[in-house]
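Architecture at a glance
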Amino acid sequence: MKTLQNNIVEKYNWYKDITIEKNLFTPVNSFSNKLPFESAEFIRNAWNLIMKNNRLSDRLSLYVHIPFCYKTRCHYCMYYALIKHDTNLIDLYVQYLIDNITYFEPVFAKSTFESLYIGGGTPSLLNEDQLSKLLTKINDFRFHPSSEKTYEQSILTTSKEKIELLKNFGISRLSFGMQSIEPNVLKKVNRAYADEQKIREIIGYAKKTGFGEINIDLMIGLPEETSQGLRDGIQVAYEAGADCITVYIFRHLKHHMDQLDSARKKTIVNYNKEHVPEMLKVAREKVAEIGWVDTVEDDNTEYQYFTSDEHLREYSLSGYRTQPDSEYGNNTVGFGHSSFSYAQDFFRYECREKKYAFNPKSKSYVFDMVYKNDRQRIYTIEKLNRDRYVDLNQFLDLFGEKFEDVFNQEINEILYLERCKIDKKQFRLTSSDRIEHAALSKFFWNQEYLKQLI
Ligand SMILES: C[S@@+](CC[C@H](N)C(=O)[O-])C[C@H]1O[C@@H](n2cnc3c(N)ncnc32)[C@H](O)[C@@H]1O
Ligand code: SF4
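Described in the following lines is the structure provided in the data block. Residue positions within a chain follow its written sequence, with the count starting from 1. Whichever chain is written first is A, and whichever ligand is written first is 1; the rest continue in order. In view of the model being predicted, local features appear only for residues whose pLDDT reaches at least 70, and side-chain atom pairs are presented and counted only at 80 or more, with totals across whole chains, interfaces and linings using the full set of residues. Side-chain metrics in this entry use all non-hydrogen atoms of the structure; hydrogen atoms and water are not considered.

Strands are runs of DSSP state E lasting at least 2 residues, helices are runs of H or I lasting at least 4, and numbering of each runs from the N terminus. Mapping S61 onto the fold places it in strand β3 (residues 60-66). Taking relative accessible area as the criterion, S61 reaches 0% and is therefore assigned buried. Looking at S61, its side chain comes within polar contact range of the side chain of S115, at 3.3 Å. Burial here depends on accessible area, computed with a 1.4 Å probe over protein chains only, as a share of the maximum for the residue type. Under 20% is buried, over 50% is exposed, and the range in between is partly exposed. Residues adjacent in sequence count toward polar contacts only when both atoms are side-chain atoms; beyond that, a polar contact is any pair of N or O atoms within 3.5 Å, and within protein one must be able to donate a hydrogen and the other to accept it.

This is the structure:
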């Protein structure tokens, strides 16, 4: 008995360590059972079925991935992108996207999308002609009048003409990657440097063009970063006219590391882990100095979103989500290399067309199905991370099984730690520390998947 109890405590301590160390909060992408490659035809039939039965067919987000980057690949980057790009290749890719969308769009003829996110890679690499073609096609979908439409930008590849074009096509939000204002940090992570003057010029122009939100991404945890560099980065972003700043905390999960070549691995292994809490403090102090607020107020998330009270009031995010929302049934329709789609909460596929010619019959989509027990786990983990409790009736409604029966062992383990209460209505974590929530929720992870990530 003693060993068992020790195991529970040991497990809990390990969960705390990995949560902090690996910045491991979001489980969804790790819960999947890969099925063999399928054709677009197969996926379209699945979508058709889902949309026919779906309670919330207007809760749809659209994602389009542009997998090309400018000249170099940043060592820290965890997204799918190629540096080999020429106009012809991007032409082929844009045509591939257009054909792909044309093939799938009848499924969504009656749907209204809540948001659009065109991300990458570096979507601003598309020239004006490619941009116009792609956005014309995307605008065949119906969007809510207040939908948020984001286009990711890099300072070095965008232009005043592209910014105007995006505005004319109804893009409402621009997100720029800056990462750091320190040239030596960017050099260390193999990222091209955009100087301050260029940043001010481009952001200033975007601001003048009238987008609802202009965001700048910064990162912390990179090699050789300094507190002063972070302060300066925030100051430049603010003065240039950004409405908000998203500070990402560098994540280095095992499956990303495995894909890196040795040069990249070496840089990243030396990343500034110890520096992160201090840098978060610096970021908070600096945004307070400019009169902004921290909307997350929690050290232990993947990113922090800073903005002004005024902007928070005026600009309401329509809620593009990259993860399925188990409660509301958020659906994401993804197009392009390495894009994810989620439907009816938990079905998803990953599109990985290798050749830039669309062929509905070729088996080039990874189709993942998340099984019921994993769906129950994902639901529970997300609820605990977010709300700290699970409503037992809602669980029963959603899954047709009692929470207490499905997770008997997990509940008992957390009861043993005296970190939860359970009554007829709720299972509730009693601690008020967010890191503890994330660690306690790991009792509900599929342990096999969890080990694979570490
Ligand atoms: C989809 S990326 C693309 C941004 C754009 N290509 C650029 O670099 O300017 C969006 C953001 O994710 C963040 N990011 C990329 N890799 C990361 C990692 N390993 N850990 C944490 N954040 C990361 C960066 O801040 C980046 O701006
Ligand atoms: S951070 Fe942006 S520019 Fe750098 S490799 Fe990733 S997607 Fe490309």
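There is more to say after this.
What follows is about the packing of helix α4 (residues 128-138) against helix α5 (residues 160-168). Following both chains from N to C, one finds α4 and α5 inclined at 10 degrees, their axes separated by 10 Å at the closest point. Between α4 and α5, the angle is such that the two are roughly parallel. In this structure, α4 uses E128, L131, S132 and L135 to contact α5, whose residues at the interface are E161, K162, L165 and L166. The residue makeup of the contact of α4 with α5, split by class, is four nonpolar, one polar and three charged. In this analysis, axes come from line fits to C-alpha atoms, helices being fitted only over the stretch in contact, and the angle between any two N-to-C directions falls in the range 0 to 180 degrees. By definition in this entry, angles of less than 35 degrees are roughly parallel, angles greater than 145 are roughly antiparallel, angles of 65 to 115 are roughly perpendicular, and the rest are oblique. Contact definition: two residues touch when any of their heavy atoms are within 4.5 Å. Any residue outside Ala, Val, Leu, Ile, Met, Phe, Trp, Tyr, Cys, Pro, Asp, Glu, Lys and Arg is labelled polar, Gly included; the first ten of those are nonpolar and the last four are charged.

This part is about the packing of helix α8 (residues 227-240) against helix α11 (residues 275-289). Relative orientation of the contacting elements α8 and α11 amounts to 35 degrees, with a least axis distance of 9 Å. Relative to α11, α8 is oriented so that their crossing is right-handed. Here S227, L230, R231, I234 and Q235 of α8 lie close against α11, whose contacting residues are H275, M279, V282, A283, E285, K286, V287 and E289. For the contact of α8 with α11, a count of residues per class yields six nonpolar, three polar and four charged. It is the rotation of the near helix from the far one that decides the hand of a crossing: anticlockwise by less than a right angle makes it left-handed, clockwise makes it right-handed.

The subject of this paragraph is the sheet that holds strand β17 (residues 426-429). As a general point, the strands of a sheet are linked pairwise by backbone hydrogen bonds and lie either parallel or antiparallel. For two strands to count as paired, DSSP must find a minimum of two bridges between them. Strand order in the open sheet formed by three strands is β15-β17-β16, and the pairing between neighbours is antiparallel. For this open sheet the edge positions go to β15 (389-391) and β16 (420-422), each flanked by a neighbour on one side alone. Strand-to-strand twist of the sheet, defined as the mean angle between neighbouring strand axes without regard to direction, takes the value 10 degrees. Across three bridges, β15 lies against β17 in antiparallel orientation. From the neighbouring strand, V390 faces β17, where its bridge partner is F427. Along the sheet, helix α13 (residues 372-387) makes contact with β15 and β17, crossing β15 at roughly 125 degrees.

Let us now look at the site of ligand 1. Proximity criterion: a residue is near a molecule or strand once any of its heavy atoms comes within 4 Å of it. Taken together, 17 residues form the shell around ligand 1, and within it Y76, G121, Q179, R191 and D217 come nearest. The separation between an oxygen atom of ligand 1 and a polar main-chain atom of G177 is 3.5 Å. All accessible-area figures derive from a Shrake-Rupley calculation using a 1.4 Å probe, and residue coverage is judged against the displayed protein chains alone. Here ligand 1 loses 94% of its free accessible area of 580 Å² to cover by the protein chains. Of all the elements in the fold, those that place two or more residues in the shell around ligand 1 are β6 (173-179), β7 (213-220) and β8 (244-249). Split by residue class, the shell around ligand 1 holds eight nonpolar, five polar and four charged.

Here we come to the packing of aromatic side chains. Centres within 6.5 Å make a pair out of two Phe, Tyr or Trp rings, where for Trp the six-membered ring is used; the pair is then stacked when the planes are under 30 degrees apart, edge-to-face when over 60, and tilted otherwise. As enumerated under the stated definition, the model contains 30 aromatic pairs in all. Measuring from ring centre to ring centre gives 5.1 Å for W47 and F108, while their planes differ by 75 degrees; the resulting arrangement is edge-to-face. Residue W47 is located in helix α2 (residues 40-53), and its partner F108 is located in the loop between α3 (87-104) and β4 (112-120); the two are separated by 61 residues in the primary sequence. The exposure classification of W47 matches that of F108, with both residues buried.

What sets the pattern is the α-helix's 3.6 residues per turn: residues three or four places apart point alike. The end-to-end C-alpha distance of α8, which contains 14 residues, comes to 20 Å, matching closely the 20 Å that a straight helix rising 1.5 Å per residue would cover. Among the residues of α8, G229, L230, G233, I234, V236, A237 and A240 are the ones counted as buried. Along the axis of α8, the buried positions cluster into a sector of 160 degrees, meaning they face one direction only. The secondary structure elements touched by the buried residues of α8 are β6, α7 (196-209), β7, β8 and α11. In the stretch just after α8, G241 is the one whose phi turns positive, near 120 degrees. Multiplying 1.5 Å by the helix residue count minus one yields the expected span of that helix. Comment: arc refers to directions from the helix axis out to C-beta atoms.

Here the focus is empty space enclosed by the protein. Here a cavity means grid points, on a 1 Å grid over the protein atoms only, where a 1.4 Å probe fits yet cannot get out; a pocket means an open set of points with protein on both sides within 12 Å along at least five of seven lines; lining residues are those with an atom within 4 Å of a point. Grid points are joined across faces, edges and corners, and a volume is the space filled by probe spheres set on the points. In total, this model carries one cavity of 30 Å³ or more according to the counting rule given. Estimated volume of the largest cavity: approximately 70 Å³. Around the largest cavity, the lining is made up of 13 residues, and of these Q179, S180, M219, G229 and L230 lie nearest the centre. Taken together, the elements giving at least two residues each to the lining of the largest cavity come down to β7 and α8.

This paragraph deals with the nonpolar core. Buried together is how nonpolar side chains tend to be arranged in soluble globular proteins. Put simply, a nonpolar core is a bunch of buried Ala, Val, Leu, Ile, Met, Phe, Trp, Tyr and Cys residues held in one set by side-chain atoms that sit within 4.5 Å of each other. Ranked by size, the top nonpolar core spans 79 residues in total, and within it F108 and I138 carry the most contacts. Ignoring anything within four residues of it in the chain, the contact list for F108 reads W47, M51, L60, F113, F141 and V333. Counting 26 residues, the second-largest nonpolar core is a separate cluster that includes Y12, F403, C420 and L429.

Put simply, a salt bridge is a Lys or Arg side-chain nitrogen that is within 4 Å of an Asp or Glu carboxyl oxygen. Under the criterion given, the structure shown has 18 salt bridges. In this structure, the salt-bridge partner of E224 is K188, at a minimum N-O distance of 3.7 Å. With E224 in the loop between β7 and α8 and K188 in helix α6 (residues 183-188), this residue pair connects regions lying 36 residues apart in the sequence. A relative accessible area of 42% means that E224 is categorised as partly exposed. A relative accessible area of 38% means that K188 is categorised as partly exposed. When salt bridges that share partners are traced, they join R231, E285, K286 and E289 into one network.

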